[in-house]
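Observations on the model geometry
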Amino acid sequence: MKKSLLYIGLVALTLNVGCNKDKEFLNVPPTDVLQDEQLWNDEGLILSVLADLYDRYPDRQTDYNNTPIPSMVTQTIDNWAEFARFDEAFASENGQYWRHGASEYDYVFPGMMVKDRGEITYWDYAYIRELNTFIAKCATSVKLKQDVKDRFIAEARYLRAVVYFEEVKRLGGVPLILEPLQYDYKGDPAYLQHARAKESDIYDFVLSEMDTIKKYVPSSPVSKTRVTVGLALATKARAALYAASIAKYGATTPEVSLPGGEVGIPAAKANGYYTIALKTAQELINSGSYSLYKKNSDNLTQNFVSLFIDKGSNPEVIFAKDYKLQSGRVQGWTLWSQPRSNAEEQQGGRLNPSLNLVQSFELLDNTFAPLPINAPGGGYVYYGDPQDLFANRDPRLAATVILPGSSFKDKPVDIWAGYIRNNGSIVTGDNFGAKGKLEPNGPDVQVVGYDGPVNNLEFSAQSGFIVRKYMDPTVGSGRIGTQSEVWWIRYRYAEVLLNAAEAAFELGQADVAAGYINQVRERAGFTIPLTPGDITFGRIVHERKVELAFEGHEFWDMKRWRLAHKVWNGESVPLTTNPGDPEAVSTRVFALWPYKVYDPGGPNNGKYIFKQVLPGAVTSAHKFRIGNYYSSIGDDIRSNNPKIVKNPNQ
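Described below are features of the structure shown in this document. (Residues numbered from 1 in each chain as written. Predicted model: local features only at pLDDT ≥ 70, side-chain atom pairs only at ≥ 80, totals over all residues. Heavy atoms only, no water.)

**Brief notes about the packing of aromatic side chains**
Tallying each qualifying case throughout the model produces 30 aromatic pairs. A centroid spacing of 6.2 Å and a plane angle of 55 degrees characterise the contact between Phe-83 and Trp-488, whose relative ring orientation is tilted. Linking Phe-83 in the loop between helix H4 (71–74) and strand S1 (89–91) with Trp-488 in strand S12 (residues 488–492), this pair joins segments that are 405 residues apart in sequence. Judged on exposure class, the residue Phe-83 and its partner Trp-488 are both buried. Look at Phe-83 and Phe-550: their rings are 5.9 Å apart centre to centre, the planes differ by 75 degrees, and that puts the pair in the edge-to-face class. A residue pair is termed long-range when its members are at least 10 positions apart, and Phe-83 in the loop between H4 and S1 and Phe-550 in the loop between helix H16 (537–547) and helix H17 (554–560) qualify at 467 residues. For the pair Phe-83 and Phe-550, a shared accessibility class is recorded, and that class is buried. Members of the aromatic cluster, joined through ring pairs, are Phe-83, Phe-304, Phe-308, Trp-333, Tyr-470, Trp-488 and Phe-550. In this structure, Arg-562 is placed above the aromatic ring of Tyr-629, and the distance from its NZ or CZ to the ring centre is 4.7 Å. (Phe/Tyr/Trp six-rings, centres within 6.5 Å; stacked < 30°, edge-to-face > 60°. Helix = DSSP H or I, 4+ residues; strand = E, 2+ residues; numbered from the N terminus. Buried < 20%, exposed > 50% of the residue type's maximum accessible area, 1.4 Å probe, protein only. Lys NZ or Arg CZ within 6 Å of the ring centre and 35° of its normal.)

**A few points about the side chain of Arg-196**
Relative to the helices and strands, Arg-196 is located in the loop between helix H6 (146–171) and helix H7 (199–213). In this structure, Arg-196 is buried with no salt-bridge partner, the nearest side chain bearing the opposite charge being Glu-262 at 6.0 Å. A polar contact is formed between the side chain of Arg-196 and the backbone oxygen of Leu-171, at a distance of 2.7 Å. Reaching out from Arg-196, the side chain makes a polar contact with the side chain of Asn-647 at a distance of 2.9 Å. (Lys, Arg positive; Asp, Glu negative; His and termini not counted. Salt bridge = Lys/Arg side-chain N within 4 Å of Asp/Glu carboxyl O. Polar contact = N/O pair within 3.5 Å; in protein donor to acceptor, adjacent residues only side chain to side chain.)

**Structural notes on the pattern of salt bridges**
Summed over all chains, the structure comprises 43 salt bridges. With a closest N to O distance of 2.8 Å, Arg-170 and Glu-166 form a salt bridge. Of this pair, Arg-170 and Glu-166 both sit in helix H6, separated by 4 residues, roughly a single helical turn. Neither residue differs from the other here; Arg-170 and Glu-166 are each classed as buried.

**Remarks on unusual backbone geometry**
The phi angle of most residues is negative, glycine excepted, and most peptide bonds adopt the trans form. The peptide bond linking Gly-452 to Pro-453 adopts the cis configuration, its omega dihedral lying at 10 degrees. Here Pro-453 is to be found in the loop between strand S10 (444–446) and strand S11 (466–467). Here Ser-313, not a glycine, exhibits a phi torsion of approximately 50 degrees, which is positive. Along the chain, Ser-313 falls in the loop between helix H10 (300–307) and strand S2 (317–321). At Arg-562, a residue that is not glycine, the phi angle is positive and equals roughly 55 degrees. Of note, Arg-562 is situated in the loop between H17 and helix H18 (564–567).

This is the structure:
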């Protein structure tokens, strides 16, 4: 249950009121309840209220409003299974297999298959009301220094704008309420009922608010958990880019609109929004306040790993949700997905990156190609080390995904599915590190890795991979009683560069786009710059996919580009052989399983081959319907407010 705004950060006290005829006694101020003039004139108390409001920031991983699952309300990075919603990963947990076995998606929340979870959407006017109240009450303070008051109000306005940004991403236009509404208890609530604003109006509001907010917040990039000028600019650039792409690519889906503009943005607005996105991103870039993380430039893979866990003067992070062990504020990303072979508890293995994602990481010569597992003339390609399969690939791959043959916490992972004999027969087991006989009368030997993969064995690496990004190498991070203090990065500089590149490309400035995208790629390890002629829409899509994997961008990108219904079209097709094609159908999560060769005396004995596999839990193809581009607005909401029109195609 949410705490009352006036009590946040305070010890809850019980108010006991008795009858007393003494009028003077009745005029004595209560000592167990804060009065408005006390709260709103005390900087420390106001900051505690603001801290609670920050804590309820609506992240990608908290799409649950009034959910019966409390952890999904308060956590962000903890909600690992959300990354297995489509084709980015496989969810290796029995309770999450439904994600891979359902076909069409419900309209309650676009892309979310409802399974005993009630209404899942984001419509939080209680939070908006508290933010409006904070803004109004804080403005009445007479004892705060003006600059302190201005900053507090600007921070609350930022959070309010973010709520509207998150709502418009899901629902389209929503009622724009900018003051705390009060019911007069006269029986007619009509004056409280507001119609939905146009989708473009909500985006315009967010952009305008960022212009105002940046006047009153610090320009220094030191703070990573409170609003700064850099964060206001980063948010404005992202919001403008979303609005621009909806305007441009929404023209390809004219049926995804409403006549009043509550859903859909006119195509004529696209260039204006792209221009705002580019200029805003350039303002942030040219400020010099942030830069790409390059502390480990001699080891490009480790550099990308460290980017997400280094909280010491990290120049790339603009805004993050922080965790701290000493405070008890921790997250379980590492606990839930650590390799089982070296787990600190009997936990782990849950989030398995897909082969679909893994093969999207291109070769260092800037070309796309499936992983070479089959020889040109037939048969397998043999590898002395399983990591050799991924040689000469984008170094971000090994920093995003724990690959077969790699290590975590300085210990080798044990991902292999069994032995393959020279006649093609397989010897494997049905549990972690299972044993079996390679010869009829031979000894029992290990015939499957301690990390799997084993089909339908939860917590094993059923895709052949384990997530690496955000994994905490600190001792104790994989223990239930300790967990991790690695932060969740909401905005970082590389995204700003990619936003600028996309906006520039859409405005016909391919040379400018190439300059920004090459900065990101150079940091990754590419030595051949892309030319302006190389910059295509597919390149834009690809670079965001690999740079921002497991950061909560894929779903929103596919929606705003109107690619979701094309890529997740419900057809059970093979894994694409053209991973650079932005419209390649990808409706099922594929796996890649390594096998050890058993061929005593043969030249390939002890080497590895790889097989492409469809995990057993993947029983249907994802189908994103046209109606999934926007969440449905609940019947209860529309019943209480008849001015709310229904979203299209539902």
